[in-house]
Structures are given as C-alpha cells and as structure tokens.
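Okay, here's what each chain looks like letter by letter:
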Amino acid sequence: SYRKGGYHAVRVGDQFAGGRYIAQRKLGWGQFSTVWLAYDTRTSTYVALKIQKSAAQFAQAALHEISVLSSIADADPSNSKCVVHLIDHFKHTGPNGQHLCMVLEFLGDSLLRLVRHTRYKGLPLNKVREICKCILIGLDYLHRELGIIHTDLKPENILLFSSIDASKDPVRSGLSPILERPEGNPTSGVTSLIEKRLKRRARRAVAKISEKRDSMGGAGEAQKSERNVEGIDVRCKIVDFGNACWTDKRIAEEIQTRHYRAPEVILQAGYSFSVDMWSFACTAFELATGDMMFTPKGGQEFSEDEDHLAMMMELLGKMPRRVAICGARSKDYFDRHGDLKRIRRLKFWPLDKLLIDRYKFSGNDARELSDFLLPLLDFAPENRPTAQQCLQHPWISGKDSTPREKRNEASVEKGHVGMSNLRIKVGK
Ligand code: ATP
Ligand code: MG
Ligand code: MG
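Here the structure is a predicted model, which means the values were calculated and not measured.

In this structure's numbering, the residues bearing the UniProt feature "binding site: ATP" (unreviewed entry) are Lys-50. Position of Lys-50 among the secondary structure elements: in strand β4 (residues 45-52). A count of 30 C-beta atoms within 10 Å places Lys-50 in the buried class. Those residues within four positions of Lys-50 in sequence are excluded, and the remaining contacts are Ser-33, Val-35, Cys-101, Met-102 and Leu-104.

Right, here's the structure in full:
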C-alpha cells in the first residue's frame, strides 16, 4: 500500500503544512489513510493528522469527508457534541503522490480496543450507559441538526476522549488506558526506534497480563479488567465520516460494516437516520457483552445476507411480511409468505434470555437493557426511536417514574408473541 496512489510513508519528526505540524507517532490506520499524532507548533497542542492515500478516488473521498467534517465543526463551534472536530486541512506532496490531510482533534483509543481490554467480557453497565449517552448526543446532533447519516457506526469508529485536555498532554491525559499498541499495521516503511521501543514495552505488558491471568485464573483476570475499566472517565466521540452522507444526498446503496448493517440495507429497501440507530444498538450490545450481536457466515446453501437475516429473526422474532417483501432484494431471500427461502428452521432466543443464559446478566439488568435495545432493533425502520427519544429513555436519563414491580410486570406481559413456530435456540 506504500506505493504510488497509496499511503504516504511517515517518519517521526516529518513536517507538514510548511512545518506547522510535526509527526510524533502513528495512532492508527484504515483503508483510506494512516493517522499520526502530530505536534501543532502554531498552537502548541497535539493533534491527529489523517493522511489520505493519494489516488484520485481516495482524494475524492477525502474531499467528501472534509466537507462533512466542516459542516459538523461549523455548526458546533464550542465543540461539545461528541463528534470529532476538524481543525485544519491541506495537501501534502510526497513520493507516492499528493495526499489530502485532515487535522483532527486528538482522541484516544477506540471502543473496540476498550472491549478488547476487558478480554471481550464486556464493560460494566454503568460505563456502557455513559458511553451510550455520548454516542446518542453525537447522533442526535448529526441527525436532527445537520441531516447527516453516519452509515458506519461501530465500536472502532468511536474514540475515547478525556476530560483532561489531551491536546496539551497526550501522555498524562490517560487517553490510552489500553496497554497494547496497534497491531497488524501496514508498516510505515520505516519503523522508528520509538515505535520499536513502544512495541517492546507493549509486548512486555501483554506478557505480564497473561502471566497474571495464568496465576489468577480466568475469573481473577475478569475482575482485574473490570477494575481497570472502572477507573476510566468514560467519554467518547464519533469519528470516521468518510462514508457519512446527507439524508437528501445519499451516495451508496450498500452501506455499513456487515455486523452493524440494518435489515433494510440488506434488503435494499431504502434507508434513513434509523440505520444509525440499528448500528447503535448493535454497538451497545457489544459493549455490554463483549460479543458482536450478529456474526453471520455464508454457507453452501445460503448466503451471508440470508444467514444475517435469519440471525436477526432468531433474536428478534419473525420479520413482518410487509417489511420482508418490500426491498429490491427481498425476492432473493424471502418467499411470498415472508419466510426465508433457504433457512427454514429458526431457533428463537430472545434478547433478555440470551443476556441471562449466555452472559449471566441478572434478571433485572437483562430486562432493562433489552427494554432499551429492542425498540431500536425494530424491523420497521420508522418504528425505531430517534437519538433524541433515546436520550429521554430511563435507562439513559436515569429518570424512571415507574415503580420497579410495575416495570417487571409490564415486560412480562409484553412477552414475545407469535413465536410458537420458532424453536428455542440452545447454543450458538
Ligand atoms: P476506514 O477504513 O475505517 O474508513 P480511515 O482510513 O477512514 O479508515 P479512520 O477510521 O478515520 O481512517 O482512522 C483510522 C484509525 O486512526 C482509527 O481507527 C483510530 O485508531 C485512529 N484515529 C482516527 N482519528 C483519530 C483521532 N482524531 N485521534 C486519535 N486517533 C484517531
Ligand atoms: Mg474507521
Ligand atoms: Mg473512513
């Protein structure tokens, strides 16, 4: 990827924008770019420098991302909306071509790494709630004030940020509570001494953790992870607007990363802001359990899409026929009765039961979380609550006027109807 049209190879100390920004270390990378911690000599702060690949289609994508990020920054001058802030942008010419560069506020580790840090056991629910609130503030801002659909919401695209001003002191701000350094990066062409040292330190840290785990046993490690996570002031921001679109200017038909993809996108039945709400629910589940909500796999007899739809129905009940048959691709998966063509026997395992049986949630925690998530996973997009409505939900706002016994009765009564044709799922 470090060739003409591809990534720009960066060395620690490289200067950008006429010497204004100085590269410090690599923060991450994606399909389109590498992202570096850089020192802004003009403002004496640290920033994240996203350096796009140079080929025309990447430049085009960067221009789009810059226009989205600009409108986000323009409408939120106080930078309080849980969405990453664009500071500057410029072009940088290197041996592989001309690269568009975005200067973003410097944020911390992604929620994916935070989940990995719990050894995929999930975060304590009070932390999940704090994170969800931030994401919802960001989504409400994007959706209601700007008319922007993110279209690629997932733990990887939500980054932690600290109340201590990270741009001034990235080390002490505690932005990177995670011990591992990025792995599997495309090599930057040059591995700096600093990077090597960081890697060595990370390996030692990871080795130490595994030693401890071996001596403490699995449960001990889980407790330790939770303690570490408990200490983090958890606030976060939504990043990666490369695929975002304005609701009146939708670009792509196939949007979202597979596991976070809404059913109407699979069926090609049109989409709106509510696709982000679906991905948000999948993300919240993953934070709470450490597992992705849906992990479809294609088989010999059926496609990944069909498996995905089947998994959705095993968790959420049968898709209403009206919804199932209304997409351009509906006929590929559903017969005219609204049943899947190639996957006939679904094993129903409702969310609250799954949380209790597999993830050992208490009855109450399971009910509260599934009461919050299930409306977001409504097959009919127009029925999903908006981010604004979610912010009012007692699970988020903490304001609940209904006495506990009443709530329990209500969720028992609601139950799951129309499931008699589905078998109870016994294991994944
Ligand atoms: P994708 O293939 O996901 O579209 P991309 O090339 O558009 O990737 P981003 O997802 O924006 O790149 O960024 C890549 C990685 O760089 C992120 O996953 C994250 O680890 C890191 N990163 C991005 N923005 C920031 C930031 N503002 N502060 C700190 N790290 C960041
Ligand atoms: Mg990304
Ligand atoms: Mg991107």
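Time to look at helix α1 (residues 56-74). A rise of 1.5 Å per residue sets the reference length of α1, with its 19 residues, at 27 Å; its end C-alpha atoms lie 27 Å apart and thus fit the reference within 8%. Along α1, the residues classified as buried are Phe-58, Ala-62, Glu-65, Val-68, Leu-69 and Ile-72. For α1, the angular spread of buried residues about the axis comes to 130°, placing them on one side. Away from the buried face of α1 by more than 90 degrees, exposed residues Ala-56, Gln-60, Ser-70 and Asp-74 are located. Buried residues belonging to α1 abut β4, β5 (86-94), β6 (97-105), α3 (125-146) and β7 (148-149).

On to the site of ligand 1. The environment of ligand 1 is made up of 21 residues, and the closest members are Gly-28, Gly-30, Gln-31, Val-35 and Ala-48. Among the elements that line the shell around ligand 1, the one with the most residues is strand β2 (residues 21-29), at three residues. Partitioning the shell around ligand 1 into residue classes produces eleven nonpolar, six polar and four charged.

Here we come to the packing of α3 against helix α6 (residues 274-289). Two measures define how a pair of helices packs: the angle their axes make with one another and the distance between the axes. Their axes nearest at 10 Å, the elements α3 and α6 cross at an angle of 160°. Looking at the two axes, α3 sits roughly antiparallel to α6. Judged by the sense of rotation from one axis to the other, the crossing of α3 with α6 is right-handed. Residues Leu-125, Val-128, Ile-131, Cys-132, Ile-135 and Leu-139 of α3 lie in contact with α6, whose contacting residues are Asp-276, Phe-280, Ala-284, Leu-287 and Ala-288. Classifying every residue of the contact of α3 with α6 gives ten nonpolar, no polar and one charged.

Here is what the cut-offs are and how they apply
- Residues numbered from 1 in each chain as written.
- Chains lettered and ligands numbered in written order.
- Predicted model: local features only at pLDDT ≥ 70, side-chain atom pairs only at ≥ 80, totals over all residues.
- UniProt positions renumbered as here; feature names shortened; annotations may be inferred.
- Helix = DSSP H or I, 4+ residues; strand = E, 2+ residues; numbered from the N terminus.
- Buried ≥ 20, exposed ≤ 12 C-beta atoms within 10 Å, placed from the backbone.
- Contact = placed C-beta atoms within 7 Å.
- Expected span 1.5 Å × (residues − 1).
- Arc of directions from axis to C-beta.
- Near = placed C-beta within 6 Å.
- Nonpolar A, V, L, I, M, F, W, Y, C, P; charged D, E, K, R; others polar.
- Axes fitted to C-alpha atoms, helices over the stretch in contact; angles between N-to-C directions.
- Parallel < 35°, antiparallel > 145°, perpendicular 65-115°, else oblique.
- Left-handed = near helix turned anticlockwise from the far one by under 90°.

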